[in-house]
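# Reading the structure
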Amino acid sequence: MSLAVAAEDPRQADVERLLRDGEAYALSLYPADSCYLMSVDELAGDEVTVIVARAEGRAVGMAALVDRGDGSAELKRLFVDERGRGRGVATAIMDALEHAARERGVRILQLETGPKQLAAIALYERRGYAVIDAFGPYVGDAFSVCMEKDLSAPST
(Lines give C-alpha, C1' and ligand atoms only; values in the text may rest on other atoms or scores of the structure.)
Protein backbone atom coordinates (compact mmCIF):
# COMPACT_ATOMS: atom_id res chain seq x y z
CA MET A 1 0.00 0.00 0.00
CA SER A 2 1.46 3.34 -1.08
CA LEU A 3 0.92 5.84 1.72
CA ALA A 4 1.13 9.65 1.66
CA VAL A 5 0.81 11.59 4.91
CA ALA A 6 0.45 15.38 5.05
CA ALA A 7 -1.32 18.29 6.73
CA GLU A 8 -4.62 18.94 4.98
CA ASP A 9 -7.82 20.93 5.29
CA PRO A 10 -10.42 18.91 7.21
CA ARG A 11 -13.21 20.28 5.01
CA GLN A 12 -12.96 17.57 2.37
CA ALA A 13 -15.55 14.88 1.75
CA ASP A 14 -13.25 11.94 2.44
CA VAL A 15 -11.82 13.53 5.60
CA GLU A 16 -15.34 14.31 6.81
CA ARG A 17 -16.18 10.63 6.16
CA LEU A 18 -13.30 9.64 8.46
CA LEU A 19 -14.63 12.03 11.10
CA ARG A 20 -18.12 10.50 10.88
CA ASP A 21 -16.72 6.96 11.00
CA GLY A 22 -14.53 7.86 13.98
CA GLU A 23 -17.49 9.38 15.77
CA ALA A 24 -19.62 6.29 15.12
CA TYR A 25 -16.81 4.10 16.45
CA ALA A 26 -16.41 6.19 19.61
CA LEU A 27 -20.16 6.19 20.23
CA SER A 28 -20.23 2.39 19.84
CA LEU A 29 -17.81 2.13 22.78
CA TYR A 30 -18.70 4.97 25.14
CA PRO A 31 -21.63 7.14 26.26
CA ALA A 32 -22.06 10.31 24.17
CA ASP A 33 -21.07 12.58 27.07
CA SER A 34 -17.72 10.75 27.26
CA CYS A 35 -16.93 11.30 23.56
CA TYR A 36 -14.95 14.53 23.29
CA LEU A 37 -15.02 15.02 19.53
CA MET A 38 -14.01 18.16 17.69
CA SER A 39 -16.21 19.30 14.80
CA VAL A 40 -14.97 20.03 11.28
CA ASP A 41 -15.27 23.76 12.01
CA GLU A 42 -13.16 23.39 15.16
CA LEU A 43 -10.59 21.32 13.28
CA ALA A 44 -10.29 24.09 10.67
CA GLY A 45 -9.05 26.56 13.31
CA ASP A 46 -5.66 28.28 13.05
CA GLU A 47 -4.35 26.50 16.14
CA VAL A 48 -5.12 23.05 14.65
CA THR A 49 -3.05 20.97 12.23
CA VAL A 50 -4.94 18.07 10.66
CA ILE A 51 -2.77 15.20 9.45
CA VAL A 52 -4.31 12.91 6.82
CA ALA A 53 -2.97 9.58 5.55
CA ARG A 54 -3.93 8.60 2.00
CA ALA A 55 -3.56 5.24 0.29
CA GLU A 56 -3.84 5.45 -3.48
CA GLY A 57 -5.33 8.92 -2.97
CA ARG A 58 -8.07 7.78 -0.58
CA ALA A 59 -8.10 9.12 3.00
CA VAL A 60 -7.61 6.12 5.31
CA GLY A 61 -6.57 7.82 8.54
CA MET A 62 -6.25 11.14 10.29
CA ALA A 63 -5.42 12.94 13.51
CA ALA A 64 -5.40 16.54 14.72
CA LEU A 65 -2.85 18.53 16.67
CA VAL A 66 -4.42 21.27 18.80
CA ASP A 67 -1.74 23.78 19.76
CA ARG A 68 -2.51 25.49 23.07
CA GLY A 69 0.07 28.22 22.42
CA ASP A 70 1.93 27.57 25.67
CA GLY A 71 4.36 24.87 24.55
CA SER A 72 1.76 22.14 24.93
CA ALA A 73 -0.76 20.61 22.58
CA GLU A 74 -3.39 17.90 22.49
CA LEU A 75 -3.72 15.05 20.02
CA LYS A 76 -7.35 14.69 18.93
CA ARG A 77 -9.39 12.55 16.55
CA LEU A 78 -6.84 9.85 15.68
CA PHE A 79 -8.75 7.38 13.54
CA VAL A 80 -7.78 4.81 10.93
CA ASP A 81 -10.49 3.15 8.86
CA GLU A 82 -10.62 -0.62 8.39
CA ARG A 83 -8.74 -0.44 5.07
CA GLY A 84 -5.74 1.13 6.78
CA ARG A 85 -5.58 -0.85 10.03
CA GLY A 86 -2.61 -3.09 10.62
CA ARG A 87 -0.64 -1.42 7.82
CA GLY A 88 1.38 1.18 9.74
CA VAL A 89 -1.04 4.03 9.03
CA ALA A 90 -1.40 5.10 12.67
CA THR A 91 2.38 5.06 13.11
CA ALA A 92 2.87 7.21 10.00
CA ILE A 93 0.23 9.67 11.21
CA MET A 94 1.85 9.86 14.65
CA ASP A 95 5.29 10.44 13.09
CA ALA A 96 3.92 13.35 11.04
CA LEU A 97 1.88 14.76 13.93
CA GLU A 98 4.81 14.72 16.36
CA HIS A 99 7.01 16.34 13.69
CA ALA A 100 4.39 19.07 13.18
CA ALA A 101 4.19 19.55 16.95
CA ARG A 102 7.94 20.01 17.27
CA GLU A 103 7.91 22.49 14.37
CA ARG A 104 5.29 24.52 16.26
CA GLY A 105 7.47 24.52 19.39
CA VAL A 106 5.34 22.03 21.30
CA ARG A 107 7.25 20.34 24.10
CA ILE A 108 4.41 18.48 25.84
CA LEU A 109 1.87 16.49 23.83
CA GLN A 110 -1.16 15.16 25.66
CA LEU A 111 -4.07 13.00 24.59
CA GLU A 112 -7.20 11.36 25.84
CA THR A 113 -8.42 7.93 24.81
CA GLY A 114 -10.71 5.36 26.32
CA PRO A 115 -10.00 2.24 28.37
CA LYS A 116 -11.58 -0.02 25.72
CA GLN A 117 -9.14 1.18 23.04
CA LEU A 118 -6.34 -1.19 23.96
CA ALA A 119 -4.62 -1.05 20.55
CA ALA A 120 -4.48 2.75 20.73
CA ILE A 121 -3.09 2.67 24.28
CA ALA A 122 -0.45 0.14 23.21
CA LEU A 123 0.53 2.33 20.23
CA TYR A 124 0.92 5.37 22.46
CA GLU A 125 2.93 3.44 25.05
CA ARG A 126 5.29 2.13 22.33
CA ARG A 127 5.82 5.75 21.28
CA GLY A 128 6.77 6.87 24.78
CA TYR A 129 3.48 8.21 26.10
CA ALA A 130 2.75 7.63 29.79
CA VAL A 131 -0.57 7.62 31.61
CA ILE A 132 -1.16 10.85 33.56
CA ASP A 133 -3.90 12.25 35.75
CA ALA A 134 -6.94 13.40 33.80
CA PHE A 135 -6.80 17.00 32.59
CA GLY A 136 -9.30 19.57 31.35
CA PRO A 137 -12.76 18.24 30.48
CA TYR A 138 -11.69 14.65 31.15
CA VAL A 139 -11.32 15.07 34.94
CA GLY A 140 -13.74 12.73 36.65
CA ASP A 141 -14.67 10.77 33.52
CA ALA A 142 -14.24 7.04 34.16
CA PHE A 143 -14.11 6.47 30.40
CA SER A 144 -11.03 8.68 29.93
CA VAL A 145 -7.41 7.56 29.91
CA CYS A 146 -5.06 10.54 29.59
CA MET A 147 -1.49 10.24 28.39
CA GLU A 148 1.46 12.55 27.79
CA LYS A 149 4.81 12.62 26.00
CA ASP A 150 7.66 15.06 26.47
CA LEU A 151 8.71 15.87 22.90
CA SER A 152 11.82 17.72 24.10
CA ALA A 153 13.25 14.56 25.67
CA PRO A 154 15.75 12.58 23.58
CA SER A 155 14.23 9.57 21.82
CA THR A 156 15.10 6.19 23.24
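Above this text you will find the structure in question.
In this report, the structure presented in the accompanying data block is examined. Counting starts from 1 at the beginning of each chain's written sequence and moves along it residue by residue. For a predicted model such as this one, the threshold for reporting local features is a pLDDT of at least 70, and the threshold for listing and counting side-chain atom pairs is 80 or more; totals across whole chains, interfaces and linings nevertheless cover every residue. Excluded from the side-chain calculation are hydrogens and water; included are all heavy atoms of the structure.

Let us look at the pattern of salt bridges. By definition here, a salt bridge exists when the distance from a side-chain nitrogen of Lys or Arg to a carboxyl oxygen of Asp or Glu is within 4 Å. Here the structure, examined in full by the defined rule, presents 12 salt bridges. For Arg127, the salt bridge identified is with Asp95, shortest N-O distance 2.8 Å. Of the two residues, Arg127 sits in the loop between helix H4 (118–126) and strand S6 (130–132) while Asp95 sits in helix H3 (residues 89–103), which places them 32 residues apart along the sequence. Burial here depends on accessible area, computed with a 1.4 Å probe over protein chains only, as a share of the maximum for the residue type. Under 20% is buried, over 50% is exposed, and the range in between is partly exposed. In this structure Arg127 comes out as buried when scored by relative accessible area, which is 15%. Think of it this way: any DSSP run of H or I at least four residues long counts as a helix, any run of E at least two long counts as a strand, and we number them from the N terminus.

The phi dihedral of Glu56 is positive, around 50°, even though this residue is not glycine. According to the relative accessible area criterion, Glu56 is exposed, its value standing at 53%. If you check the backbone angles, Arg77 has positive phi at about 60° while not being a glycine. Secondary-structure assignment places Arg77 in strand S4 (residues 72–80).

For the rest of this paragraph, the subject is the layout of surface pockets. Space inside and on the surface of the protein is sampled on a 1 Å grid over the protein atoms alone, with a cavity defined as a set of points where a 1.4 Å probe fits but cannot get out and a pocket as an open set with protein on both sides within 12 Å along at least 5 of 7 lines; lining residues have an atom within 4 Å of a point. Grid points are joined across faces, edges and corners, and a volume is the space filled by probe spheres set on the points. The volume enclosed by the largest pocket comes to roughly 790 Å³. What lines the largest pocket is a set of 35 residues, and nearest its centre among them are Leu78, Phe79, Gln117, Ala120 and Tyr124. In this classification, Asp, Glu, Lys and Arg are treated as charged, Ala, Val, Leu, Ile, Met, Phe, Trp, Tyr, Cys and Pro as nonpolar, and every other residue, Gly included, as polar. Tallied by class, the residues present in the lining of the largest pocket amount to 19 nonpolar, 9 polar and 7 charged.

Let's shift gears to the sheet that holds strand S7 (residues 145–150). Think of it this way: DSSP has to see at least two bridges between two strands before they count as a pair. Strand order in the open sheet formed by 7 strands is S1-S2-S3-S4-S5-S7-S6, with mixed pairing between adjacent strands. Across the chains shown, the open sheet's two edge strands, defined by having one partner strand only, are strand S1 (3–7) and S6. When strand polarity is set aside, the average angle formed by the axes of neighbouring strands in this sheet is 30°. Bridge analysis of S6 against S7 gives 3 bridges, and the strand direction is antiparallel. Its bridge partner being in S7, Val131 is matched across the sheet by Met147. Contacts were defined at the residue level, with two residues in contact if any of their heavy atoms lie within 4.5 Å. Comment: axis = line fitted to C-alpha atoms, over the contacting stretch for helices; angle = value between 0 and 180 degrees taken between N-to-C directions. Packed on one face of the sheet, H3 meets S1, strand S2 (48–55), strand S3 (58–67), S4, strand S5 (108–113) and S7 and runs near 30° to S3.

Moving on, we get to the nonpolar core. Remark: nonpolar core denotes a set of buried residues (Ala, Val, Leu, Ile, Met, Phe, Trp, Tyr, Cys) joined through side-chain atoms within 4.5 Å. With 26 residues, the main nonpolar core has Leu65, Leu75, Ile93, Leu97, Leu109, Tyr124 and Tyr129 as its most contacted residues. Looking at this core, the elements that each hand over two or more residues are S2, S3, S4, H3, S5, H4 and S7. Element by element, the count of residues in this core is highest for H3, at 6 residues. Aside from chain neighbours lying at most four places away, what touches Leu65 is Glu47, Val48, Thr49, Ala73, Glu74, Leu97, Ala100, Ala101, Arg104 and Leu109. Residues Leu18, Leu19, Ala59 and Met62 belong to the second largest nonpolar core, which totals 13 residues.

The length a helix should cover is 1.5 Å for every residue beyond the first. Taking 1.5 Å of rise per residue, the 15 residues of H3 would be expected to cover 21 Å, and the 21 Å separating its terminal C-alpha atoms lies within 8% of that figure. Just beyond H3, the residue with positive phi is Gly105, at close to 85°.

With that out of the way, let us pick up the packing of aromatic side chains. Two descriptors summarise a pair of aromatic rings, namely the distance from one centre to the other and the angle between the planes of the rings. Here a Phe, Tyr or Trp ring, Trp counted by its six-membered ring, pairs with any other such ring whose centre lies within 6.5 Å, and the pair is stacked when the planes are under 30 degrees apart, edge-to-face when over 60, and tilted otherwise. Evaluated as defined, the whole model comprises 5 aromatic pairs. The interplanar angle of 90° and the centroid separation of 4.8 Å between the aromatic rings of Tyr36 and Tyr138 together place this pair among those described as edge-to-face. Of this pair, Tyr36 sits in the loop between helix H1 (13–29) and helix H2 (40–43) while Tyr138 sits in the loop between S6 and S7, and the two are 102 residues apart along the sequence. Among the aromatic residues, ring-to-ring pairing joins Tyr36, Phe135 and Tyr138 into one connected group.

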